[in-house]
Amino acid sequence: MNNEILKIREQFPILNRMVYGKPFAYLDNAATTQKPTKVVKRVSDYYEWENSNVHRGAHFLSQEATVAFEKARTSVSQFINSSNSSEIIFTKGTTESINLVANSYGNKFLKKDDEILITRMEHHSNIVPWQMLCSRTGAKLKVSPIDFSGEMIMREFEKLLNTKTKIVAITHVSNSLGTINPIKEVIEKAHDAGAVVLIDGAQAVSNLKVDVQELDCDFYCFSGHKMYAPMGIGALYGKENLLDKMDPWQGGGEMIAQVTFDKTTYNEIPFKFEAGTPNVSGALGFEAAIHFLSNIGYDFIVNHKDDLLNYGHNRLAEIAGLKFHGTAKRKTGLISFNIEGVHPYDAAVLLDKLGVAIRTGHLCAQPTVDFYNVPGFIRASFGVYNTREEIDLLCDAIEKVKEILS
Ligand code: C6P
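Small disclaimer: the values here were computed from a predicted structure and weren't measured.

Time to look at the state of the cysteines. Overall, the coordinates contain zero disulfides when judged by the stated rule. Cys221 supplies the cysteine sulfur nearest to Cys217, a cysteine that is in no disulfide, at a spacing of 8.9 Å. The buried category is assigned to Cys217, whose relative accessible area is 0%. The cysteine Cys364 is free of any disulfide, with Cys221 supplying the nearest cysteine sulfur at 16 Å. Residue Cys364 is classed as partly exposed on the basis of its relative accessible area, which comes to 23%.

Spelled out as structure tokens, the structure:
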């Protein structure tokens, strides 16, 4: 294990836990990453020393909390290079960010027979909100196919794009296949057809440097908890001109300018989309996680993840009877597979007992898993603290699973 990784691991006490009396390998980072001490401390410091509601009180603590909360927004804005921090809306995470757009943008601008275009490799969070929008408006959901390597078929995507396409919603990185989609090309083609583009960045932000201005996407959604920040906080980036045109989707405190019983006027962006008391501690933890990632640097992160991916693929390929799902030319962060003759759930139970935490099943991407005609995937997903030794542990554990169950 190299020194850099050792220094990173020291910031995650949980990685030293014993599970069933053994050291364990946490390889379920696509579900959620562990949190470094600085993130945990930022949250507890807020509650011990700074706790107060934001944007409401004239008193010292409230003003201090408001400044810290808005500073966190600026950090998120810089993290993805949005042109303005008012383009960053704090949400619970990716799911809420997508639902916000489906409700606020979708309800206002979509009508019967308009089309929403997604791909076969979307997470349920980037399928169901659009299905719900279709049933409210009469719009139609179109699905762009993928090939068996787990890549989009670009000519099929282009065929599905037309003047009726109003929204293209696509994942940056697939949570089940690891594919990095060519989203810049997708965005350009969608814009040429007159559609707005929402990118689901849940699996991207911890693996790749994201620049929303460079991408020119209209909306970008991500979750803090998949990038070493607390659960229950995430962000929606939206272009200012679009956010300005959209109506709020939830009513309550903070999102208003003036309320009378006859009429309510709304606050400016981003506040008109943040009804109620926000997750202040989460936002501060989010900012601490951004500092954590920035201190490591994306050059290191990308190299290390590529190394884990290549090493993992090579080592796992040495084991007979493994079938891989997701072999796209550009992929990151995870390896999905099945063991011949072994149900993925049985494998999961045994791997857990052998000290390896992975995820199995439909991975909240049922249509993708169905495409490969298996009952579920086994998925090992990597964080910046994972090591080649942990992949060796996974491989040894798989050999044992095969011995017991095949
Ligand atoms: N995927 C996984 O194990 P939330 O739950 O809102 O933070 O993120 C939802 C989500 C949306 N899009 C993608 C591509 C995702 O991977 C996820 C979450 C986890 O794969 C938990 S289901």
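Here we come to the sheet that holds strand 13 (residues 322-325). Spatial ordering of the open sheet is given by 13-14-17-16, a layout of four strands whose pairing is antiparallel. Two strands close off the open sheet at either side, each with one partner strand: strand 13 and strand 16 (359-361). On average, adjacent strands in this sheet sit at an angle of 30 degrees to one another, irrespective of strand direction. With three bridges joining them, strand 16 and strand 17 (residues 377-381) adopt antiparallel strand pairing. Within the sheet, the bridge partner assigned to Arg359 lies in strand 17 and is Arg379. The sheet strands contacting helix 14 (residues 388-405) are strand 13, strand 14 (334-339) and strand 17, and the helix crosses strand 14 at an angle near 15 degrees.

With that settled, the discussion passes to the pattern of salt bridges. Counting across every chain of the model gives 21 salt bridges. Salt-bridge contacts for Lys108 lead to Asp247; the nearest nitrogen and oxygen are separated by 3.4 Å. With a gap of 139 residues between them, Lys108 in helix 4 (residues 94-109) and Asp247 in the loop between helix 9 (240-245) and strand 11 (256-259) connect regions that are remote in the sequence. Overall, Lys108 belongs to the partly exposed group, its relative accessible area being 41%.

The buried fraction of strand 5 (residues 115-119) is high, at five of five residues. Neither face of strand 5 is left uncovered, since the one carrying Glu115, Leu117 and Thr119 and the one carrying Ile116 and Ile118 both have all their residues buried. The sheet contact formed by strand 5 and strand 6 (residues 140-144) spans five bridges and is parallel. Across the sheet, the residue bridging to Glu115 is Lys140, located in strand 6.

In this section: the nonpolar core. Formed by 71 residues in total, the largest nonpolar core has its most connected members in Phe79, Val168, Tyr220, Phe222 and Phe286. Here this core spans two domains, since at least three of its residues come from each of domain 1 (3-30 + 297-405) and domain 2 (40-294). Discounting residues that sit within four places of it in the chain, Val168 has contacts with Leu117, Phe157, Leu161, Val186, Ala190, Ala195, Val196, Val197 and Leu198.

Under the domain assignment, the protein chain is made up of domain 1 (3-30 + 297-405) and domain 2 (40-294). For domain 1 versus domain 2, the separation of C-alpha centres amounts to 28 Å. Contact with domain 1, which involves 35 residues of that partner, is made by 32 residues of domain 2. A combined buried area of about 2800 Å² lies between domain 1 and domain 2, and 55% of that area is made up of carbon and sulfur atoms.

Turning next to the packing of aromatic side chains. One pair of aromatic rings is described through two measures. These are the centre distance and the angle between the planes. On inspection of all chains with the given rule, the structure shows 19 aromatic pairs. On the numbers, 5.5 Å between centres and 75 degrees between planes, the contact of Phe12 with Phe292 is edge-to-face. Of this pair, Phe12 sits in the loop between helix 1 (3-9) and strand 1 (18-19) while Phe292 sits in helix 10 (residues 280-296), placing them 280 residues apart in sequence. On the accessibility criterion, Phe12 (0% relative accessible area) is buried. Here Phe292 falls in the buried class, since its relative accessible area comes to 7%. Ring centres of Phe79 and Phe222 lie 6.3 Å apart, and the angle between their planes is 45 degrees; on these two criteria the pair is classed as tilted. Here Phe79 is found in helix 3 (residues 60-79), whereas its partner Phe222 is found in strand 9 (residues 219-223), with 143 residues between them in sequence. In textbook terms, an aromatic cluster arises when at least three aromatic residues are bridged by ring pairs, as seen for Phe69, Phe79, Phe90, Tyr220, Phe222, Phe286 and Tyr298.

Turning to the side chain of Thr171, a few remarks are in order. Summarising the element assignment, Thr171 is placed in strand 7 (residues 165-171). When its relative accessible area of 4% is taken as the criterion, Thr171 is described as buried. From its side chain, Thr171 meets the backbone oxygen of Val173 in a polar contact 2.9 Å long. Not counting residues up to four positions away in its chain, the partners in contact with Thr171 are Met121, Glu122, Asn126, Asn181, Ile183 and Asp200.

Surrounding the ligand, one finds 17 residues, the nearest of these being Thr95, Asp200, Gln203, Ser223 and Arg359. Between an oxygen atom of the ligand and a side-chain N or O atom of His225, the distance comes to 2.7 Å. Residue Arg359 places a side-chain N or O atom 2.5 Å away from an oxygen atom belonging to the ligand. Protein burial of the ligand: of its 510 Å² of free accessible surface, 87% is covered by the chains. Here the shell around the ligand spans two domains, and each of domain 1 (3-30 + 297-405) and domain 2 (40-294) adds at least three residues to it.

So, on to the packing of helix 3 against helix 10. At their nearest, the axes of helix 3 and helix 10 sit 9 Å apart, and the two run at 40 degrees to each other. The orientation of helix 3 with respect to helix 10, classified from their angle, is oblique. Relative to helix 10, helix 3 is oriented so that their crossing is left-handed. Judged by residue contacts, Ala68, Phe69, Lys71, Ala72, Ser75, Val76 and Phe79 of helix 3 engage Val280, Ala283, Leu284, Phe286, Glu287, Ile290, His291 and Leu293 from helix 10. The class makeup of the residues in the contact of helix 3 with helix 10 is 11 nonpolar, two polar and two charged.

Rules of the game
Residues numbered from 1 in each chain as written. Predicted model: local features only at pLDDT ≥ 70, side-chain atom pairs only at ≥ 80, totals over all residues. Heavy atoms only, no water. Disulfide = S-S within 2.5 Å. Buried < 20%, exposed > 50% of the residue type's maximum accessible area, 1.4 Å probe, protein only. Pairing = 2+ DSSP bridges. Helix = DSSP H or I, 4+ residues; strand = E, 2+ residues; numbered from the N terminus. Axes fitted to C-alpha atoms, helices over the stretch in contact; angles between N-to-C directions. Contact = heavy atoms within 4.5 Å. Salt bridge = Lys/Arg side-chain N within 4 Å of Asp/Glu carboxyl O. Core = buried A, V, L, I, M, F, W, Y, C linked by side-chain atoms within 4.5 Å. Domains from an automatic or database assignment. Buried area = accessible area lost by both parts, 1.4 Å probe. Phe/Tyr/Trp six-rings, centres within 6.5 Å; stacked < 30°, edge-to-face > 60°. Polar contact = N/O pair within 3.5 Å; in protein donor to acceptor, adjacent residues only side chain to side chain. Near = heavy atom within 4 Å. Areas by Shrake-Rupley, 256 points an atom, 1.4 Å probe, with all protein chains shown as cover. Parallel < 35°, antiparallel > 145°, perpendicular 65-115°, else oblique. Left-handed = near helix turned anticlockwise from the far one by under 90°. Nonpolar A, V, L, I, M, F, W, Y, C, P; charged D, E, K, R; others polar.

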